[in-house]
Amino acid sequence: MTIWYSNPYRTDKNIGKAYNDFIKSLKANDEDWIVLQDGDILYLTPDWGKRIEDALALDGNKYGLVGCYTNRLNSKWQLNQNTFSEEMDIRKHYEIALTYQGEGIKEYKHIVAGFWMAFQYKTWKRTGGFIENNISCDAIFNSQVRDLGLKIGLIESLYVFHLYRVWADKEPWNERKHLR
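None of the values given here were measured: they were computed from a predicted structure.

Caption draft 1: Geometry of the layout of surface pockets. In this structure, the second largest pocket spans a volume of roughly 170 Å³. Around the second largest pocket, the lining residues are D47, R51, D54, A55, L58, Y100, Q101, G102, E103, G104 and S157. The element that contributes the greatest number of residues to the lining of the second largest pocket is helix α2 (residues 48-59), accounting for four residues. Broken down by class, the residue content of the lining of the second largest pocket amounts to three nonpolar, four polar and four charged.

Caption draft 2: Region of interest: the packing of aromatic side chains. Per the stated rule, a full pass over the model turns up nine aromatic pairs. Here the aromatic rings of Y43 and W48 are separated by 3.9 Å at their centres, their planes lie at 10°, and the arrangement is stacked. Ring plane angle 20° and centroid distance 5.3 Å describe the contact between Y100 and Y159, whose orientation is recorded as stacked. Taken together, the positions of Y100 in the loop between α3 (90-99) and β5 (105-107) and Y159 in strand β7 (residues 151-162) put the pair 59 residues apart, joining distant regions of the chain. Summarising the burial analysis for this pair, Y100 and Y159 share the class buried. The rings of Y19, F119, F130 and F141 are connected pair by pair, giving a single aromatic cluster. Lying over the aromatic face of Y63, K151 brings its terminal NZ or CZ to 5.0 Å of the ring centre.

Caption draft 3: Region of interest: the pattern of salt bridges. Considering all chains together, one arrives at twelve salt bridges under this definition. A salt bridge links K17 to D21; its shortest N-O distance comes to 3.2 Å. Here K17 pairs with D21, and both are found in helix α1 (residues 15-25), just four residues apart, close to one helical turn. Using a relative accessible area of 25% as the deciding quantity, one classes K17 as partly exposed. A salt bridge links K125 to D30; the shortest N-O distance between them is 2.7 Å. Of this pair, K125 sits in helix α4 (residues 121-127) while D30 sits in the loop between α1 and β2 (33-37); the two residues are 95 residues apart in sequence, bridging distant segments of the chain. For K125, a relative accessible area of 43% gives the class partly exposed. A relative accessible area of 31% means that D30 is categorised as partly exposed.

Criteria and thresholds
Residues numbered from 1 in each chain as written. Predicted model: local features only at pLDDT ≥ 70, side-chain atom pairs only at ≥ 80, totals over all residues. Heavy atoms only, no water. 1 Å grid on protein atoms, 1.4 Å probe; cavity = no way out; pocket = protein on both sides within 12 Å on 5 of 7 lines; lining within 4 Å. Points joined across faces, edges and corners; volume = space filled by probe spheres on them. Helix = DSSP H or I, 4+ residues; strand = E, 2+ residues; numbered from the N terminus. Nonpolar A, V, L, I, M, F, W, Y, C, P; charged D, E, K, R; others polar. Phe/Tyr/Trp six-rings, centres within 6.5 Å; stacked < 30°, edge-to-face > 60°. Buried < 20%, exposed > 50% of the residue type's maximum accessible area, 1.4 Å probe, protein only. Lys NZ or Arg CZ within 6 Å of the ring centre and 35° of its normal. Salt bridge = Lys/Arg side-chain N within 4 Å of Asp/Glu carboxyl O.

Here you go:
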């Protein structure tokens, strides 16, 4: 199994173009997996790569798009215990990550947030790629995947630390200065 990892970035904030440019640069085949991750995430367990590979090998063929769990995000559905965390002690998050021991991928009815997304190259091709010049390109990609009749899921054994607008004093989900 080939998995291509990247955390694409563009100073002009066109994240959809950054995603597409990275994917176009690959010598990928249709069955290869692509993992796009934000620059402010941290894998917490030494076996994070094996957790990803094992889950994709077990259940990946059932899903068009896959996400993981985290500590900070606007949507509570991908959060540990559905709760936004203000805890910044990385050791505590390491302990949380160790509790994520499920096998495979669990079906997920919500939008997989763009901080961490995995999908096959053929899925990206079938959607026509990410919408460019639109900050909601991850949500749009979710809809495109579902429109293809493909399921979306979460890797049961993967929890990553996400800084997610740590500089915001209140309501980080409403903080937008980094997007301007």
